[in-house]
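Spelled out from the first residue to the last, the chains are:
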Amino acid sequence: MPRASSKPPASPATVAPAESEAAAADKGSSIESIAQDIATAIVEKRLPPGTWLREEALGRVYSVSRTKVRAALLMLSKDKLIEMIPDKGAFVCQPTVQEAREVFAVRRILESEVVRMFIATARPRDYQALEQHIKFERAALRQSPTMGTVREKVLGDFHVALAETTGNHTLAQLVRDLVARSSLIAMLYHSSNDPHCSSDEHADFLRICRKGDVEGAVRCMVEHLERIEASLALGTDKPDRQLDLVKALLA
């Protein structure tokens, strides 16, 4: 029979303050939800490239310990949305011109395959879902014609939704990550992309897919991505923008 410990259990009053505070903080948001929220803020252009993601401030926003914040930031760094710099902290990534071109080159290769898989496996409900998305795009553009936040998000979501119809979760996640990085690039390099033109191109693309014209649909998607890349001011200096991190996340 085990011997009873002679040491009395610690009462709430005897727990170290630092441990108590950390335990209380960790009752807040999950690591995954923090990472998703920050990623959304980056994609929606509330956190521009170069923003310093201060752990203390993030801990206050999400009511969690710095340990959880650091874990969420590490997740985002693996997706290339933020950069962890030793002895300095975490910052929203500032892709170089070369990286920007590489992202779009990979998107053209990857999304060409998405198009082929989509036409080969798409069901009527998949076409209907994408057509509904295009209607949503146009409604969003009518309601917020000058808001880059709305237009970048809904237009990028079309590409993600298309990839998701293939049923290949790995492929869809790759497209989702690349679309998020493209949004960051568009913000950094002052995209002049006409959102109405992009939405029209989505509709044209879908009409070609319905005809079963695989190569025509691939060509349409590639040209669409080439035009978006061409709308970037890749020859300009990167802007130096700073903002209040807490206000941006709570916006």
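Residues numbered from 1 in each chain as written. Predicted model: local features only at pLDDT ≥ 70, side-chain atom pairs only at ≥ 80, totals over all residues. Heavy atoms only, no water.

## Some thoughts on the pattern of salt bridges
Taken as a whole, this structure holds 13 salt bridges when the rule is applied. Glu55 is the salt-bridge partner of Arg66, the closest N and O atoms lying 3.1 Å from each other. Here Glu55 lies in helix 3 (residues 55-62) and Arg66 lies in helix 4 (residues 66-78), a separation of 11 residues in the sequence. Overlapping salt bridges, with partners in common, bring together Glu55, Glu56, Arg66 and Arg70 in one network. (Salt bridge = Lys/Arg side-chain N within 4 Å of Asp/Glu carboxyl O. Helix = DSSP H or I, 4+ residues; strand = E, 2+ residues; numbered from the N terminus.)

## What to know about helix 5 (residues 97-121)
A rise of 1.5 Å per residue sets the reference length of helix 5, with its 25 residues, at 36 Å; its end C-alpha atoms lie 36 Å apart and thus fit the reference within 8%. For helix 5, every residue scored as buried is listed here: Ala100, Val103, Phe104, Arg107, Arg108, Leu110, Glu111, Ser112, Val114, Val115, Phe118 and Ile119. (Expected span 1.5 Å × (residues − 1). Buried < 20%, exposed > 50% of the residue type's maximum accessible area, 1.4 Å probe, protein only.)

## Remarks on the side chain of His159
Structurally, His159 is set in helix 7 (residues 148-164). Of the polar contacts made by the side chain of His159, one reaches the side chain of Arg107; its length is 3.4 Å. His159 has contacts with Arg107, Glu111, Val175, Val179, His202, Met221, His224 and Leu225, leaving out every residue within four places of it along the chain. (Polar contact = N/O pair within 3.5 Å; in protein donor to acceptor, adjacent residues only side chain to side chain. Contact = heavy atoms within 4.5 Å.)

## Observations concerning helix 9 (residues 195-210)
The end-to-end C-alpha distance of helix 9, which contains 16 residues, comes to 23 Å, matching closely the 22 Å that a straight helix rising 1.5 Å per residue would cover. What helix 9 keeps buried is the set Pro195, Ser198, Ser199, Glu201, His202, Ala203, Phe205, Leu206 and Cys209. For helix 9, the side-chain oxygen to backbone nitrogen distance between the N-cap and His196 is 2.9 Å, and the N-cap itself is Asp194. Just downstream of helix 9 lies Gly212, where phi reads positive at about 80 degrees.

## A word on the pairing of strand 3 (residues 89-92)
When strand 1 (residues 52-53) meets strand 3, the two strands line up antiparallel, connected through two bridges. Across the sheet, the residue bridging to Trp52 is Phe91, located in strand 3. Of the pairings in the sheet, the one linking strand 2 (residues 82-85) to strand 3 comprises four bridges and is antiparallel in character. In the sheet register, Glu83 faces strand 3, and the bridge partner there is Phe91. The antiparallel pairing of strand 2 with strand 3 creates a hairpin that spans three residues between the two strands, and Asp87 there sits at a positive phi of about 65 degrees. (Pairing = 2+ DSSP bridges.)

## Concerning the packing of aromatic side chains
Applying the stated criterion to the full structure yields three aromatic pairs. Geometrically, the ring pair formed by Trp52 and Phe91 is stacked, given 6.4 Å between the ring centres and 20 degrees between the ring planes. Taken together, the residues Trp52 in strand 1 and Phe91 in strand 3 connect sequence positions 39 residues apart. Taken together, a centroid distance of 6.3 Å and an interplanar angle of 85 degrees make the contact between Phe158 and Phe205 edge-to-face. With a gap of 47 residues between them, Phe158 in helix 7 and Phe205 in helix 9 connect regions that are remote in the sequence. Note on accessibility: Phe158 and Phe205 belong to one class, buried. It is Arg54 that lies over the ring of Trp52; its NZ or CZ is 5.7 Å from the centre. (Phe/Tyr/Trp six-rings, centres within 6.5 Å; stacked < 30°, edge-to-face > 60°. Lys NZ or Arg CZ within 6 Å of the ring centre and 35° of its normal.)

## Observations concerning the nonpolar core
Across soluble globular proteins, nonpolar side chains show a tendency to be buried alongside one another. In terms of nonpolar packing, the biggest core is built from 38 residues, with Val115, Phe118, Leu162 and Phe205 touching the most fellow members. Going through the elements one at a time, helix 5, helix 6 (124-143), helix 7, helix 8 (169-188), helix 9 and helix 10 (214-230) are the ones with two or more residues in this core. (Core = buried A, V, L, I, M, F, W, Y, C linked by side-chain atoms within 4.5 Å.)

## What about the sheet that holds strand 2?
The three strands lie next to each other as 1-3-2, forming an open sheet whose pairing is antiparallel. Unpaired on one side and paired on the other, strand 1 and strand 2 mark the two borders of the sheet.

## A few points about the confidence of the model for the protein chain
Averaged over every residue, the pLDDT of the protein chain is 83; residues scoring 70 or more account for 79%. pLDDT under 50 marks residues 1-25. Its contacts with residues more than four places away, or in other chains, come to five contacts. (pLDDT = per-residue confidence, 0-100.)

## Here we look at unusual backbone geometry
Residues other than glycine seldom take positive phi values, yet Ser63 does so here, at roughly 55 degrees. Residue position: Ser63 is located in the loop between helix 3 and helix 4. At Asp87, a residue that is not glycine, the phi angle is positive and equals roughly 65 degrees. Position of Asp87 among the secondary structure elements: in the loop between strand 2 and strand 3.

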